[in-house]
Amino acid sequence: MLESLNLKNDSLSHIILNANTIWLDVSENHINGIILGDIRMFLPNIWILNLSRNSLDGIIPSSISDLSELGTLDLSEVSSGLFTNLSYIRVLKLSKNRLHGQVLSRNLSLGNHERLSLDNNYFTRKIGNWTIQNNYTQIIKYLHLGSNKFTGSIPNAFRNLAGVLTLDISNNFSLRKKKKNNFIGSIPMQLCQLSNVSLIDLSSNSLFGSIPRCLQNIRTLVYPAFKLSGQDI
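Anyway, here's the lowdown on the structure attached to this text. (Residues numbered from 1 in each chain as written. Predicted model: local features only at pLDDT ≥ 70, side-chain atom pairs only at ≥ 80, totals over all residues. Heavy atoms only, no water.)

## Description of the state of the cysteines
Operational definition: What counts as a disulfide here is a pair of cysteine sulfur atoms lying within 2.5 Å. Per the convention used, a helix needs a DSSP run of H or I reaching at least four residues, while a strand needs a run of E reaching at least two, with both numbered from the N terminus. The cut-offs for exposure are 20% and 50% of the maximum accessible area for each residue type, with area from a 1.4 Å probe on protein chains only; residues under the lower value are buried, those over the upper are exposed, and the others partly exposed.
Counted by the stated rule, this structure contains one disulfide. Each disulfide pairs two cysteine sulfurs, and for Cys192 the partner residue is Cys214, the sulfurs being separated by 1.7 Å. Between Cys192 and Cys214, the S-S torsion sits near 65 degrees, and that sign places the bridge as right-handed. Here Cys214 lies in the loop between β19 (206–207) and β20 (226–228) and Cys192 lies in the loop between β17 (183–185) and β18 (199–201), a separation of 22 residues in the sequence. For Cys192, a relative accessible area of 18% corresponds to the buried category. Its relative accessible area of 22% is what places Cys214 among the partly exposed residues.

## Notes on the sheet that holds strand β15 (residues 152–153)
Formally: Pairing between two strands requires that DSSP report at least two bridges joining them.
Pairing within the open sheet is parallel, and its three strands lie in the order β15-β17-β19. In the strand order of this sheet, the two ends are held by β15 and β19, each with one partner. Across two bridges, β15 lies against β17 in parallel orientation. For Ser153, the partnering residue across the bridge sits in β17 and is Ile184.

Any link to function would need more than the numbers given here.
In structure tokens, the structure reads:
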């Protein structure tokens with residue numbers, strides 16, 4: 001009847017899954033291979049799943065979205081190869097991987113994400129329109145897209161994230177080509193609608209023009225909280 005299992009920072013190469021487990025932390029081990037495609041069969045009631053800092057590879061199976069109780073999924077610093085739209089997860093961390101693809105170029109359902117961390121990967125292309133389910137704009141608090149290869153202008157979709165506290169789209173360029181290939185254009189006035197934001201990081205892109213004066217009216221910005229071209233403003 002085991003419900004919680006913390007095996008963080010050991011030297012495990014594999015684990016035995018228990019169907020009753022609701023919290024599983026096996027981060028910082030030596031687990032390799034792929035994430036089970038039928039993971040729901042083994043962890044049907046899982047709520048917190050931390051697989052970070054292992055040697056997992058392959059794809060993130062779409063069956064993870066069938067884990068209706070899953071609230072936190074941490075795959076930071078693993079080496080999976082595909083992003084999956086997981087609309088029920090509140091915390092999704094895919095930071096510091098080698099993930100790639102046009103993950104935000106199509107319509108993306110934000111669902112009830114509170115934290116979305118896709119930073120330090122190889123995600124590419126423009127950021128498209130986002131579908132906001134059931135007025136979840138107040139739920140997402142932390143949006144970290146920095147250190148990728150996103151391109152185009154800063155999307156108008158950001159203006160809908162009224163509840164966001166931290167917005168980081170810094171350092172988007174092509175590492176392999178060693179040249180700029182990133183967010184361009186001016187800083188959109190729509191960012192002024194982020195009435196609760198405390199940090200906006202737009203540094204290391206190719207933005208130009210003036211900084212919207214209306215940003216000074218956001219009382220929640222903590223100085224220095226607006227970053228542009230590597231400098232705090």
